[in-house]
Amino acid sequence: MAPVVARERHTLSLTSLGVLISAEARINERIRVPEVRLVGPSGEQVGIVRTDDARKLAYEADLDLVEVAPNAKPPVAKIMDYGKFKYEQDQKAREARKNQQQTVVKEQKFRPKIDEHDYQTKKGNVERFLEKGNKVKVTIMFRGREQARPELGYRLLERLAEDVGDLGVVESRPKQDGRNMTMVFGPARKGKK
């Protein structure tokens, strides 16, 4: 019988190499390049300066030296109030999140042998969801012998697509998934008039 050899897995991570990836800008003593392209506190271009000299200028102005473009050659650093800079960045990010639109997918379920009144009620729900700007996933549920007649579900979905065509567009065509057939509608884009 052969001896069991334990295999050691070696994973290489950036932190094990001493490289830290951070979204934070490097400031003051954390800037370790020999020279930087310096931008003054009022936005004027100072030029390429040794990092120690740039740090001294920032301390004299009672501000921070912040690396704003670390990938440039040489890196660009600006003399500014770092606390104020962070606060403004957070405000911009909060405003961007507030203006971001969330897409919600609503679901409406049908049966292939649906009565006309039930169809109209569920179609009304789909229309209401689309008017509010939500996506709608329409599901046809098959049971028992109904599974042998997928064309009934397909016809029902095509009829629904025709009925709500002015409010929504078909994002994914009908597809059979086990006992269910699904189709996704998205709200119609309003064109500029």
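Everything below is about the structure shown above.
Quick look at the structure, then. Just so it is clear, the structure is predicted and the values come from calculations on it, not from any experiment.

### Some points on the sheet that holds strand β7 (residues 168-177)
Working definition: the strands of a sheet are paired by backbone hydrogen bonds and lie parallel or antiparallel to each other.
Piece 1. Spatial ordering of the open sheet is given by β5-β6-β8-β7, a layout of 4 strands whose pairing is mixed. Sheet topology places β5 (105-110) and β7 at the edges, where each strand pairs with a single neighbour. Here the average twist between neighbouring strands, direction ignored, is 20°.
Piece 2. Helix α3 (residues 116-131) rests against β5, β6 (135-141), β7 and β8 (180-187) of the sheet, and its axis sits at about 170° to β5.
Piece 3. Where helix α4 (residues 150-163) meets the sheet, its contacts fall on β5, β6, β7 and β8, and the angle it forms with β8 comes to roughly 10°.

### Regarding the packing of aromatic side chains
Piece 1. Within the structure shown, the criterion is met by 2 aromatic pairs.
Piece 2. Ring plane angle 40° and centroid distance 6.2 Å describe the contact between Tyr82 and Phe85, whose orientation is recorded as tilted. A residue pair is termed a helical-turn pair when its members lie 3 or 4 positions apart in one helix, as Tyr82 and Phe85 do in helix α2 (residues 82-99) at 3 residues.
Piece 3. Judged by its relative accessible area of 13%, Tyr82 is buried.
Piece 4. In this arrangement the basic side chain of Lys122 is found over the ring face of Phe110, its NZ or CZ atom lying 5.9 Å from the centre.
Piece 5. We note Arg159 situated over the ring of Tyr119; from NZ or CZ to the ring centre the distance is 3.9 Å.

### Digging into the pattern of salt bridges
Side chains that carry opposite charge are capable of pairing whenever their charged atoms lie near each other.
Piece 1. One pass over the structure, following the stated rule, counts 11 salt bridges.
Piece 2. Between Arg26 and Glu67 there is a salt bridge; the shortest N-O distance is 2.6 Å. In this pair, Arg26 is assigned in the segment before β1 (35-39) and Glu67 in strand β3 (residues 64-69), connecting sequence segments 41 residues apart.
Piece 3. Residue classification places Glu67 among the buried residues on the basis of a relative accessible area of 4%.

### With respect to the sheet that holds strand β4 (residues 76-80)
Piece 1. The mixed open sheet is built from 4 strands, whose spatial order is β2-β1-β4-β3. In this open sheet, the two strands that pair with only one neighbour each are β2 (45-50) and β3. Taking the axes of each pair of neighbouring strands and ignoring which way they run, one obtains an average angle of 35° across the sheet.
Piece 2. For β1 and β4, the ladder comprises 3 bridges, and the chain directions are parallel. Residue Arg37 lies in a different strand from β4, and its bridge partner there is Val76.
Piece 3. Each of β1, β2, β3 and β4 touches helix α1 (residues 51-60); the most contacted strand, β2, lies at about 125° to it.

Cut-offs and rules
- Residues numbered from 1 in each chain as written.
- Predicted model: local features only at pLDDT ≥ 70, side-chain atom pairs only at ≥ 80, totals over all residues.
- Heavy atoms only, no water.
- Pairing = 2+ DSSP bridges.
- Helix = DSSP H or I, 4+ residues; strand = E, 2+ residues; numbered from the N terminus.
- Axes fitted to C-alpha atoms, helices over the stretch in contact; angles between N-to-C directions.
- Contact = heavy atoms within 4.5 Å.
- Phe/Tyr/Trp six-rings, centres within 6.5 Å; stacked < 30°, edge-to-face > 60°.
- Buried < 20%, exposed > 50% of the residue type's maximum accessible area, 1.4 Å probe, protein only.
- Lys NZ or Arg CZ within 6 Å of the ring centre and 35° of its normal.
- Salt bridge = Lys/Arg side-chain N within 4 Å of Asp/Glu carboxyl O.

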